[in-house]
Amino acid sequence: MEFINKIYKDKFAFTAFLVLLFLYLIILFADFISPYSNHYSNRNMSYAPPSKIYTINENGKISRPYTYNYIREYEPNLMQTIYKQDRSVKYYIKPFVKGEKYKFLGIIPCDRHLFGVSDGGMLYLLGTDINGRDVFSRLLFGGRISMTIGFLSLFIVFPIGLLYGGISGYFGGILDNVMMRFAEAVMAIPSFYLLIILAAILPSGMTSVQRFCLIIVILALIGWAGFARVIRGMVLSIKNEEFVQAAKTMGASNLRIITKHILPQTTSYVIIALTLSVPSYILAESGLSFLGLGIQQPDASWGNMLKEAQEFTNILYRPWLLTPGGLIFIAVLSFNILGDAIRDFLDPKSKIR
């Protein structure tokens, strides 16, 4: 309770917590919230702007929210495609509309979506991409990859780092020297360039799920060494404590002493490191996907969605394509703020904010 009160009293940390909670809730219920599926595409609506939603009718009276469909036309004077609203038919926005079928939480077959428009209407809250896919819907589905890949990588990094650093620090001597030199060699490898090399040699015929799993493993392979080195330093200072000597006297095995008595003493640091490490993995996945070496189309991640916004004309005329970059910034900033608050609470040596 004390920890919860600490977070609640810190306005920045509490706001960051609410932001992250909101992001994870919307990606969890992405199938229900999004008006379209992850693979929906309407090529005739390529780069359609965000739908304009009206609450005042033509008579100046308050009305139920409605929108108009776009008509695609070619403007010879501008030598480009433009979109105009077809004001002949109103399409009212309704809650819990019937749409594409999906499995709610991956289990329950369902075809109801949180909101949508009447039959024949098109609703693009954040416009569409080059293939006519709804950017808002893809943001939700892409967040599932971008926001979870960090935690999945840490599930590999932390057990390896804990055990490796624990063994190295506990036994010391030659074994410690050999293990730490190897860890330092791994740390010396430029991590992002290694990511690019490993991702580039992945077979082209792999599915996005297989590529996703391999990227998690790649991220884990370059992230454990620094964590193990810190754990090793902590174990060096803990292994001479009286409770460790008592466990040795009682005949406990070395592995039991490490896993049951020493490593639990590093819990505070592990929690802090976990919170502060997630943003780096989010950025790593986004960077790989932005370069075309991560999650591949048509599956969405915030990184490969942001890739489309690298063209200067898209930045000027289609700013809605920059939305994934804004979400990456918000998620990373929120994790860092929350991680700082957790560190201040768990680390007795840190200053109280």
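Before going into details, it helps to say that this report is about the structure given with it. Since the model is a prediction, treat every value here as computed from it, not as a measurement.

The rules behind the values
- Residues numbered from 1 in each chain as written.
- Predicted model: local features only at pLDDT ≥ 70, side-chain atom pairs only at ≥ 80, totals over all residues.
- Heavy atoms only, no water.
- Helix = DSSP H or I, 4+ residues; strand = E, 2+ residues; numbered from the N terminus.
- Buried < 20%, exposed > 50% of the residue type's maximum accessible area, 1.4 Å probe, protein only.
- Contact = heavy atoms within 4.5 Å.
- Areas by Shrake-Rupley, 256 points an atom, 1.4 Å probe, with all protein chains shown as cover.
- Lys, Arg positive; Asp, Glu negative; His and termini not counted.
- Charge placed at Lys NZ, Arg CZ, Asp CG, Glu CD.
- Phe/Tyr/Trp six-rings, centres within 6.5 Å; stacked < 30°, edge-to-face > 60°.
- Core = buried A, V, L, I, M, F, W, Y, C linked by side-chain atoms within 4.5 Å.

1. Here we look at the overall build of the protein
- Assigned secondary structure in the protein consists of 14 helices and four strands.
- Counting all 353 residues of the protein, 44% fall into the buried class.
- The contacts in the protein between residues at least 6 apart in sequence include a share of 68% that link residues at least 24 apart.
- A total of about 19100 Å² of accessible surface is found on the protein, and carbon and sulfur atoms cover 65% of it.
- Separation between the mean location of the 33 positive side-chain charges and that of the 23 negative ones in the protein comes to 2 Å.

2. Brief notes about the packing of aromatic side chains
- Enumeration over the complete set of coordinates arrives at 16 aromatic pairs.
- Aromatic side chains Phe115 and Phe136 sit 6.2 Å apart centroid to centroid with 50° between the ring planes, which places their arrangement in the tilted category. Pair noted here: Phe115 is in strand E4 (residues 108–117) and Phe136 is in helix H4 (residues 135–171), with a separation of 21 residues, a long-range link.
- Of the residues examined, Phe115 reaches a relative accessible area of 16% and is grouped as buried.
- A centroid spacing of 6.0 Å and a plane angle of 10° characterise the contact between Phe227 and Tyr269, whose relative ring orientation is stacked. Taken together, the residues span a long stretch of sequence, with Phe227 in helix H8 (residues 224–238) and Tyr269 in helix H11 (residues 267–290) at a distance of 42 residues.
- By relative accessible area, which is 7% here, Phe227 ends up buried.

3. A closer look at the nonpolar core
- Formed by 85 residues in total, the largest nonpolar core has its most connected members in Met147 and Trp224.
- Top element by residues in this core is H4. It accounts for 14 residues.
- In contact with Met147, not counting residues within four places along its chain, are Leu20, Leu23, Tyr24, Ile27, Ile282, Trp302, Ala331 and Phe335.

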